[in-house]
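Per-entry structural report
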Amino acid sequence: GENSTVSITVVGASGDLAKKKIFPALFALYYEDCLPKHFTIFGYARSKMTDAELRTMVSKTLTCRIDKRENCSEKMEQFLNRCFYHSGQYDSKENFVELDKKLKELEGGRVANRLYYLSIPPNIFIDAVKCASSSASSANGWTRVIVEKPFGRDSESSAALTRSLKRYLDEDQIFRIDHYLGKELVENLSVLRFSNLIFEPLWSRQYIRNVQFLFSEDFGTEGRGGYFDNYGIIRDIMQNHLLQILALFAMETPVSLDAEDIRNEKVKVLRSMRPLLLEDVVVGQYKSHTKGDVTYPAYTDDKTVPKDSLTPTFAAAALFIDNARWDGVPFLMKAGKALHTKRAEIRVQFRHVPGNLYNRNFGTDLDQATNELVIRVQPDEAIYLKINNKVPGLGMRLDRSNLNLHYAARYSKEIPDAYERLLLDAIEGERRLFIRSDELDAAWALFTPLLKELEERRINPEYYPYGSRGPVGAHYLAAKHNVRWGDMG
Ligand code: BG6
């Protein structure tokens, strides 16, 4: 409103995430007139920089991608004028007191709401929270803190981090981001399921044979090996991004769309799952591969990665939900770096039609005749349903064809970046897409014993060539549960 203002401070302003995602998302929100009338943006980091230098840095990352409206450069100019910089240590109360002074000046006596985005490594996390909350929190409005993973690396360290955070903040001030929840097609998952009669009644073990959550990137850890080696693909992608999608997919119908109602259901379904065992996973690591004149590096060629690292850059896993809805249905995950393609999707494979008149048309390969619903989260967003169809003509031949909702063809407006949705929600106090601490505990409980065992027993990953489809072990894992990966053609 007229009488309040929001200050958004990006702590770690010169980092990669800030430059690539946070500032551009804030600009996109400004461009779309989604930010409050009175707002200021602060970059906070250790290096010395003037406001002008910050503006130059930020301006390099901004694009007018939304549509090429005439006034884009004008809007950019206005936006940049609201950006400021403060140089300080992350553990210095004094430096945060100085920030507080600058913020107060700009807030001009209005109700001052303050949002901190912590885009800094976990070892300085708590110090920054402590300083920001004690020296630069709002006196008369709200103070909220957005935090990014890693939220620890197992149950114990995550719980310790939560305990420390809660010394300085209440749970409702903490916004734990999982940016996959801000992706358009992940948000749409509940709409698809709960508002369509052709799907809602089918969403159970009675009709669904298995569900697959697939993530692949066609590049390695280039430049991020130092971070990655301490975490590995299971912590980097599965325990958070894929598990969050699974929880949304499999939860019971929430009482309402309120954040607490949704998060209650997510926790319940996570707590109904069995912790993973070693036999439920296959881990892999990419090795170098030469194609034509180009040699792609092995994971361990990264200078920041120890030569003898066993850290998985690929994993496949089979998970089970022990409740009435999902008893016996395999939920499979597959995530990997340096694979042949970049893609994230959800695949729902349905059961056979009992006594199908047309079974003989498929010969012995009945698997080919099951319906499959594919939700392609990225790139080239789409939802399509594989159905059996008669090939037109005088004969009676069937094939599988797609009913296809292709976003680019159906909707002309570009899809907002996940960070736009999440930043806007944090400003508006909408917690639906943020992770509550009990959800986080439940997520770690599923993976912690497995992660410990992998590390203590020094389990060797299966090596796969850079740019391939990953280790063959993933197929054996799936076959053990009578599943065929849906992304194999
Ligand atoms: C991050 C992981 O959380 O997600 C990265 O740490 C990964 O390793 C990234 O590359 C993928 O996000 P997106 O939005 O590019 O698919």
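Refer to the structure printed above.
Below or above, wherever it landed, is the structure these notes cover. Residue numbers run consecutively from 1 along every chain, following the written order of its sequence. With the structure being a predicted model, the display of local features is reserved for residues of pLDDT at least 70 and the display and counting of side-chain atom pairs for 80 or more, all residues being used for whole-chain, interface and lining totals. Water and hydrogen atoms were dropped before computing side-chain values, which therefore reflect all heavy atoms in the structure.

All right, on to the pattern of salt bridges then. The salt bridge criterion pairs a side-chain nitrogen of Lys or Arg with a carboxyl oxygen of Asp or Glu, the two atoms within 4 Å. Evaluated as defined, the whole model comprises 32 salt bridges. Notably, a salt bridge pairs Asp425 with Arg421, separated by 3.3 Å at the nearest N-O pair. A residue pair is termed a helical-turn pair when its members lie 3 or 4 positions apart in one helix, as Asp425 and Arg421 do in helix H12 (residues 418-428) at four residues. Here Arg421 falls in the partly exposed class, since its relative accessible area comes to 26%. Labels follow the DSSP assignment, with helices taken as runs of H or I lasting at least four residues and strands as runs of E lasting at least two, numbered in each case from the N terminus. Accessibility here uses a 1.4 Å probe with only protein chains present; expressed as a share of the type maximum, an area under 20% marks a residue as buried, one over 50% as exposed, and anything in between as partly exposed.

Omega for the peptide link from Lys149 to Pro150 comes to 5°, which places this bond in the cis form. Mapped onto the elements of the fold, Pro150 is located in the loop between strand S5 (143-147) and helix H6 (155-168). The peptide bond linking Gln378 to Pro379 adopts the cis configuration, its omega dihedral lying at -15°. On the secondary structure map, Pro379 appears in the loop between strand S14 (372-378) and strand S15 (382-390). Although it is not a glycine, Asp33 sits at a positive phi angle of roughly 60°. By secondary structure assignment, the location of Asp33 is in the loop between helix H1 (16-31) and strand S2 (39-45). By relative accessible area, Asp33 is classed as exposed at 59%. Positioned with a positive phi, Arg458 is a non-glycine residue whose angle comes to about 45°.

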